[in-house]
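Spelled out, the chains give:
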Amino acid sequence: MAFGGLALALALLVVSVNLLQVASSDGDHARCEGVVKGWAASVAGSEGKDGDKLSLRDLLFFLHIPRTGGHFLKKLYTNAEECPRSYDKLRFDPSHPDCKLVVSHDDYSFMSKLPSERTSVVTILRNPVDRVFSTYEFSVEVAARFLVHPNLTSAKLMTSRVLTKSRAVSTLDIWPWKYLVPWMREDLFARRDARGIDKVRSSHRVNAYDVEDMVMPLHQYINDPVAHEIIHNGATFQITGLTNNSYLSGAHEVRHCVRKHPDLGHFVLQVAKSRLDRMLYVGLTEEHEESARLFAHMVGAQVLSQSGALNLDIKDNQPTGNDSHSSTLDPEDEETNEHLNSTHGSQNNRALNAADTVKDDHGKGNLTVGKLMEAYEGCISKLRKSQSNRRKISLRKVEGANFSKEARRQVPEAVLEQIISLNSLDMELYEHAKKIFTQEHLMLKIQQSTVIQHKQLTDQKGWIEMVCSSWSCSPWKVVLFGLGVTITIALIILALTTRRRTFKLKVLVVDKLPQMSNETIDCFARKRERNTRCHYVSLN
């Protein structure tokens with residue numbers, strides 16, 4: 001009896017705890033809903049429709065979402081016009097007149113540090129699944145470079161020394177790599193210690209993304225709290241200014257609430273879509289050459305015009321047939337790190353330095369939109385080789401992680417579906433970006449059509465002015481002149497038609513002469529003198 005009473009008491013306790021948890025969860029959801037709605041309302045109130053979004057302003061901010069590419073922006077500005085690198089902190093004076101281009105992994109909250117009324121924003125989005133793959137691959141690639149050291153302590157010590165001496169921006173300074181690379185580096189050293197330092201080949205693997213004894217498998221990577229905090233829905237949080245690198249004081253709470261209660265995500269997504277709509281330009285990684293062409297015409301033409309160097313070439317620059325995935329590179333690829341070169345031997349150092357991209361220091365005096373595209377294609381070719389060399393060198397210590405597009409196809413469908421589910425906000429935002437990209441195509445066609453029509457009207461106006469310069473062009477004279485030209489053309493056409501008919505008649509008579517009777521020949525001869533109807537009578 002006593003035992004039954006104890007069991008009943010325990011059951012009531014469990015029920016009470018569950019009810020308290022449900023009530024607490026409901027209370028937390030209500031609190032979070034208020035936080036997210038309040039933030040969204042404040043954004044809507046502070047960001048109205050501010051002017052013509054198609055007009056380039058004084059400062060261009062490239063909000064660079066990691067692993068989306070965008071190197072073609074570099075060819076448009078000289079080094080003097082590009083603001084000092086600011087991936088991790090504000091390193092420049094935005095009001096300086098020579099500062100024309102900001103390229104940064106900072107999220108949209110960085111706009112609070114810029115003169116917003118004088119700043120245009122551009123960005124590039126990528127298929128979220130591909131972006132997660134690329135983020136994982138780059139984390140492994142950069143972290144693997146430290147495996148030349150005997151242990152993690154040695155790697156950290158060398159990194160600290162080099163960063164202290166060097167003034168260059170390092171990958172370990174740049175968000176999100178300053179979090180993702182150390183995390184992956186520690187994991188690589190732990191796995192190497194477990195299998196033995198001399199073993200560089202995997203003894204067992206399912207595919208290149210599941211080399212468990214060498215590298216953290218992809219399925220483990222995407223489920224780690226670090227990935228949830230930084231990678232998943234990263235594009236949406238970056239465009240809304242809610243990353244863990246935000247300048248907004250309440251960003252952490254809003255982000256935490258959305259991750260805890262996914263149904264609140266639509267408030268954040270709406271803000272992200274609205275900001276994309278107001279941006280000067282939105283590109284797509286998967287359409288990198290077409291994105292570069294659109295950028296050259298929509299933004300580049302304005303930059304060249306403002307610099308007084310515009311020579312607009314409106315011809316279409318057709319894609320060269322290069323593979324879009326393999327040739328789309330990120331700025332972090334070209335600045336892969338002063339300190340990492342020191343962690344390799346001299347031979348590897350020479351290989352990395354040989355692959356470095358040459359900076360473009362030329363002015364814009366001779367640039368055209370067409371030449372801008374040519375420069376971009378040459379730049380992409382160099383960067384493709386640079387990336388390939390770096391990757392080969394970096395992954396020598398973990399040869400089982402042989403990343404490629406073919407290897408991606410071997411990843412289980414369940415993992416791909418999980419990536420899609422974890423990045424549901426980014427998936428919807430990417431679809432919205434594709435619609436904007438289509439609209440940009442239409443706007444470009446309209447702009448080009450307007451340019452052609454303007455040129456034709458200008459030429460026509462110039463011709464009329466030339467005629468009028470020697471003849472007083474009153475309205476009635478212009479009408480008479482046009483009527484006279486029309487009548488003259490009509491008479492010329494009539495004369496040519498009559499002559500052609502007469503010629504055909506002559507040909508007929510001469511051709512049939514041997515077969516005609518004398519009476520018929522006389523009739524045709526008289527027809528030349530008067531209107532006579534002749535009947536053809538053959539001798540046969």
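What counts, and where the lines are drawn
- Residues numbered from 1 in each chain as written.
- Predicted model: local features only at pLDDT ≥ 70, side-chain atom pairs only at ≥ 80, totals over all residues.
- Heavy atoms only, no water.
- Core = buried A, V, L, I, M, F, W, Y, C linked by side-chain atoms within 4.5 Å.
- Buried < 20%, exposed > 50% of the residue type's maximum accessible area, 1.4 Å probe, protein only.
- Contact = heavy atoms within 4.5 Å.
- Helix = DSSP H or I, 4+ residues; strand = E, 2+ residues; numbered from the N terminus.
- Pairing = 2+ DSSP bridges.
- Axes fitted to C-alpha atoms, helices over the stretch in contact; angles between N-to-C directions.
- Parallel < 35°, antiparallel > 145°, perpendicular 65-115°, else oblique.
- Nonpolar A, V, L, I, M, F, W, Y, C, P; charged D, E, K, R; others polar.
- Left-handed = near helix turned anticlockwise from the far one by under 90°.
- Patch = residues over 30% accessible without salt bridge, like charges linked within 9 Å, V, L, I, M, F, W, Y side chains within 5 Å.
- Areas by Shrake-Rupley, 256 points an atom, 1.4 Å probe, with all protein chains shown as cover.
- Salt bridge = Lys/Arg side-chain N within 4 Å of Asp/Glu carboxyl O.

Engineer: Looking at this structure, how should I read the nonpolar core?
Structural biologist: Nonpolar side chains tend toward joint burial in soluble globular proteins. Residues Leu 60, Leu 125, Ile 239, Leu 276 and Val 299 are the most contacted members of the largest nonpolar core, which totals 63 residues. Apart from the residues lying within four places of it in its own chain, the contact partners of Val 299 are Leu 56, Leu 60, Leu 76, Leu 280, Tyr 281 and Leu 294. With 45 residues, the next largest nonpolar core counts Tyr 136, Phe 138, Val 142 and Met 214 among its residues.

Engineer: Would you take a moment to explain the pairing of strand 3 (residues 119–125) for this structure?
Structural biologist: Within a regular strand, side chains alternate between the sheet's two faces. With respect to burial, strand 3 is a largely interior element, 7 of its 7 residues being buried. Both faces of strand 3 are covered, namely the face carrying Thr 119, Val 121, Thr 123 and Leu 125 and the face carrying Ser 120, Val 122 and Ile 124. Bridge count between strand 1 (residues 59–63) and strand 3: 5 bridges; the pairing is parallel. Bridging across to strand 3, Leu 60 finds its partner in Ser 120. Here strand 3 pairs with strand 4 (residues 281–284) via 4 bridges, running parallel. For Val 122, the partnering residue across the bridge sits in strand 4 and is Tyr 281.

Engineer: Would you mind going over the packing of helix 2 (residues 128–144) against helix 17 (residues 413–422) with me for this structure?
Structural biologist: Helix 17 packs onto helix 2 with a crossing angle of 105° between their chain directions and a minimal axis gap of 9 Å. If you check the angle between helix 2 and helix 17, you find them roughly perpendicular. Where helix 2 abuts helix 17, its residues Val 129, Val 132 and Phe 133 lie against Leu 416, Ile 419 and Ile 420. Within the contact of helix 2 with helix 17, the residues separate by chemical class into 6 nonpolar, no polar and no charged.

Engineer: Hey, could you run me through the packing of helix 2 against helix 4 (residues 177–195) in this one?
Structural biologist: Relative orientation and spacing of two packed helices are given, respectively, by the angle between their axes and the distance between those axes. The N-to-C vectors of helix 2 and helix 4 enclose an angle of 65°; their axes lie 8 Å apart at closest approach. Our pair here, helix 2 against helix 4, has a crossing hand that is right-handed. For the pair helix 2 and helix 4, contact is made by Thr 135, Tyr 136, Phe 138, Ser 139, Val 140, Val 142, Ala 143 and Ala 144 and by Trp 177, Leu 180, Val 181, Met 184, Arg 185 and Leu 188, respectively. Partitioned by chemical class, the residues of the contact of helix 2 with helix 4 number 11 nonpolar, 2 polar and 1 charged.

Engineer: Even after reading the chapter, I still don't get a nonpolar patch on the surface, so can you show me in this structure?
Structural biologist: Together, Leu 480, Leu 483, Ile 487, Leu 491 and Leu 494 give the surface a local cluster of nonpolar side chains, amounting to about 500 Å² of exposed area. Within the secondary structure, Leu 483 sits in helix 19 (residues 475–512).

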